[in-house]
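Each chain, letter by letter, is given below.
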Amino acid sequence: MKIKVKSKGVSLRRVNIVMLIVALVATAALVGAMQWTSYLYDKAHKTTQDALGWRGEAHLMIDATDYLTEQMRSFAITGDREYLDNYIEEVNVTKRRERAIKAIEEVDSDSPAYDELCKAMDKSFELIEMECYAARLTIEARGYDISEYPEEIQQVTLSAEDAVMTPEQKENAAEELLFGDKYQDIKEEVTVDGHKCIDIIEDDMFEEQNRLAKRLHNHVLIEHILTFIYIAVLLIIVLINRELVIKPLKNLVKKIREGQNAEEEGAYEVRFVTKAYNLMFNTNLQNKEKVSYDATHDKLTGLYNREGYDFLVKNVDIETTSLLILNVDNYKKVVDNNGSDFGDKVLYWASGIIFRSFRSQDYVCRLEEDEFAVVMINSGPEHKELITSKVERINEALSKPENNLAPVSVSVGVAFGEGRINFTEVFKQADKALEKAKNNGKKAVVFSKD
């Protein structure tokens, strides 16, 4: 595997696809971690805000109870109707105690905090009964018209004992009721239960905050790790591009400026460009050195000779090339029966048919007396049927000689450069296929992998 990578080069397209996938995965992981961290932060913030809100609502129970006590005591002492109106407005309109109960009930009616607040509410209702009774005593003691007061006060019925008391006694009874030990004990219970509710809310809040803080810390750590991984991926992409593209291209530019052959290195695509440059450079160099046509071409057929063939195969892309080796069947018999001059005419005629059967971009070579090679550019296993068809047309044409020449045929061996390390191996495979074709009765085409 190392030899293949060194020879062919790593495909830049594949590298970019892999690195793109890695980068996308790292990006998705990082974005996911950031979103999850943001979610935990928002959750922690909401938990704190909710707990503070619930604590505030619990304080309302205590504050509202204190407010009702203050207003009713002021009414009992002064008899000022304004204090009683304030009291009734709090009970029937403002309803801070009920709001506190509802706020916590909507969140978790099964929580201990809700139970404690309900206990406080029950005690607060006991205080309201005592306060309304004290208000009735105060109204009657001061001789106010009871019909002008709220229904809650009108519905209060004094005991037989209290009903017969003097106004002064009723005033004293009202004050004693609002300032007495029983009232104070119940009011203290309301406060205690309210603070218990607050303590539970705060404990739950701190516990949830600590839990979320640990999770948030872990996710921030993961986010940092993913950030480092993302940075590492970017650095790797930069380094890979430097080694596979930038550095080889700089070396290629340097060699072009120096007028020298460039070393094939880097990605497959860069190597392909380098190989194309070397081919053009060497072709140009041959022109500059005035290499004669005869040095690379066969004198009889005008095709490339063995030296031309060797030059060509060193500068073509092996993986996208097919090699055909053709042998003229029974050529020695033709020469033996008709002479070498006649044989040369047959070869010249046959070489023309072979040359015209392939594309202008393909290279047709005469390797030996009756052996030819065709280097097909941009060709592979997908062209098997096309190659077979070409060979059949060649043999059909060779079976109809011109100018009284002898009919001949060709046997063909084919090998593909796909996955090959060098052209020597490709030639060996094509030559073996040619031997099979000749042993199978000649006038046939055999592919190396069949």
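Only a predicted model underlies this, so the values are computations on that prediction, with no experimental measurement involved. (Residues numbered from 1 in each chain as written. Predicted model: local features only at pLDDT ≥ 70, side-chain atom pairs only at ≥ 80, totals over all residues. Heavy atoms only, no water.)

1. Some words on the overall build of the chain
Right, so step 1: Summing up its helical and strand segments, the chain has 16 helices and five strands in all.
Right, so step 2: Taking 2.2 N^0.38 as the reference for a compact globule, 450 residues should give roughly 22 Å; the C-alpha atoms of the chain span a radius of gyration of 52 Å, well beyond that estimate.
Right, so step 3: Across its three principal axes, the chain shows a C-alpha extent of roughly 165 × 50 × 30 Å.
Right, so step 4: Going through the 450 residues of the chain one by one, you find that 42% of them count as buried.
Right, so step 5: Pairs at least 24 apart in sequence give 71% of the contacts found in the chain among residues at least 6 apart.
Right, so step 6: Roughly 25,300 Å² of accessible area belongs to the chain as shown, and the carbon and sulfur atoms make up 53% of that amount.
Right, so step 7: If you average the places of the 58 positive and of the 77 negative side-chain charges in the chain, the two averages end up 22 Å apart. (Helix = DSSP H or I, 4+ residues; strand = E, 2+ residues; numbered from the N terminus. Rg over C-alpha atoms; globule rule 2.2 N^0.38 Å. Buried < 20%, exposed > 50% of the residue type's maximum accessible area, 1.4 Å probe, protein only. Contact = heavy atoms within 4.5 Å. Areas by Shrake-Rupley, 256 points an atom, 1.4 Å probe, with all protein chains shown as cover. Lys, Arg positive; Asp, Glu negative; His and termini not counted. Charge placed at Lys NZ, Arg CZ, Asp CG, Glu CD.)

2. Thoughts on the packing of aromatic side chains
Right, so step 1: What the rule picks out here adds up to four aromatic pairs.
Right, so step 2: On the numbers, 6.0 Å between centres and 10° between planes, the contact of Phe416 with Phe447 is stacked. Of the two residues, Phe416 sits in strand β4 (residues 410-416) while Phe447 sits in strand β5 (residues 445-447), which places them 31 residues apart along the sequence.
Right, so step 3: With relative accessibility at 5%, the residue Phe447 sits in the buried group.
Right, so step 4: We note Arg96 situated over the ring of Tyr67; from NZ or CZ to the ring centre the distance is 5.3 Å. (Phe/Tyr/Trp six-rings, centres within 6.5 Å; stacked < 30°, edge-to-face > 60°. Lys NZ or Arg CZ within 6 Å of the ring centre and 35° of its normal.)

3. Description of the side chain of Asn327
Right, so step 1: Mapping Asn327 onto the fold places it in strand β1 (residues 321-328).
Right, so step 2: If near-sequence neighbours (up to four positions away) are discounted, Asn327 is found in contact with Asp370, Glu371, Ser409, Val410, Ser411, Leu434 and Lys438.

4. Quick look at the side chain of Arg366
Right, so step 1: Along the chain, Arg366 falls in strand β2 (residues 363-366).
Right, so step 2: Polar side-chain contacts of Arg366 include one of 3.2 Å to the side chain of Asp298.
Right, so step 3: Once residues within four sequence positions are removed from consideration, Arg366 is found in contact with Asp298, Leu300, Thr301, Leu303, Tyr304, Asn305, Arg306, Leu347, Glu371 and Phe372. (Polar contact = N/O pair within 3.5 Å; in protein donor to acceptor, adjacent residues only side chain to side chain.)

5. Re the nonpolar core
Nonpolar side chains in soluble globular proteins tend to be buried together.
Right, so step 1: The biggest cluster of nonpolar side chains holds 43 residues, and the ones touching the most others in it are Met72, Phe75, Leu84, Tyr87, Leu117, Leu137 and Cys197.
Right, so step 2: Put simply, the parts of the chain that give this core at least two residues each are α2 (12-78), α3 (81-94), α4 (96-107), α5 (112-141), α8 (167-179) and α9 (181-258).
Right, so step 3: No other element matches α5, which puts 14 residues into this core.
Right, so step 4: Contact partners of Leu117, with chain neighbours within four places excluded, come to Ala58, Met61, Ala100, Ile101, Ile104 and Cys197.
Right, so step 5: Grouped together as the second largest cluster of nonpolar side chains are 30 residues, Ile354, Phe358, Met376 and Ile387 included. (Core = buried A, V, L, I, M, F, W, Y, C linked by side-chain atoms within 4.5 Å.)

6. Some points on helix α16 (residues 423-439)
Right, so step 1: Its 17 residues give α16 an end-to-end C-alpha distance of 24 Å, which sits within 8% of 24 Å, the value for a rise of 1.5 Å per residue.
Right, so step 2: When we look at burial in α16, the residues that qualify are Phe423, Val426, Phe427, Ala430, Ala433, Leu434 and Ala437. End-on view of α16: buried residues confined to an arc of 125°, all on one side of the axis. Those residues of α16 that are exposed and angled more than 90 degrees off the buried face are Lys428, Lys432 and Asn439. (Expected span 1.5 Å × (residues − 1). Arc of directions from axis to C-beta.)

7. A word on the pattern of salt bridges
Right, so step 1: A complete count under the given rule lists ten salt bridges for this structure.
Right, so step 2: A salt bridge links Glu90 to Arg96, with the shortest nitrogen-to-oxygen separation between them at 3.3 Å. The same class applies to Glu90 and to Arg96, which are both buried.
Right, so step 3: Put simply, Arg136, Glu140 and Lys170 are held in one network by salt bridges that share partners. (Salt bridge = Lys/Arg side-chain N within 4 Å of Asp/Glu carboxyl O.)

8. Regarding the packing of α5 against α8
For any two helices packed against each other, one specifies the crossing angle of their axes together with the interaxial distance.
Right, so step 1: Across the interface, α5 lies against α8 with an axial gap of 8 Å and an inter-helix angle of 160°. As judged from the angle between their axes, α5 and α8 are roughly antiparallel. The two elements α5 and α8 cross, and the hand of that crossing is left-handed. From α5, Met130, Glu131, Tyr133, Ala134, Leu137, Thr138, Glu140 and Ala141 reach across to α8, where they touch Pro167, Lys170, Glu171, Ala173, Ala174, Leu177 and Leu178.
Right, so step 2: For the contact of α5 with α8, the residue count by class is ten nonpolar, one polar and four charged. (Axes fitted to C-alpha atoms, helices over the stretch in contact; angles between N-to-C directions. Parallel < 35°, antiparallel > 145°, perpendicular 65-115°, else oblique. Left-handed = near helix turned anticlockwise from the far one by under 90°. Nonpolar A, V, L, I, M, F, W, Y, C, P; charged D, E, K, R; others polar.)

9. Re the sheet that holds β5
Right, so step 1: The sheet built from five strands is open, its strands ordered β2-β3-β1-β4-β5 with mixed pairing. In this open sheet, the two strands that pair with only one neighbour each are β2 and β5. Across the sheet, the axes of successive neighbouring strands diverge by a mean angle of 20°, strand direction being ignored.
Right, so step 2: With seven bridges joining them, β1 and strand β3 (residues 371-377) adopt antiparallel strand pairing. In the sheet register, Ser322 faces β3, and the bridge partner there is Met376.
Right, so step 3: Sheet strands in contact with helix α12 (residues 306-313) are β1, β2 and β3, and its direction is about 145° off that of β2.
Right, so step 4: Across the face of the sheet, α16 comes into contact with β1, β3, β4 and β5 while running at roughly 145° to β4. (Pairing = 2+ DSSP bridges.)

Remember that the coordinates give geometry; whether it matters functionally is a separate question.
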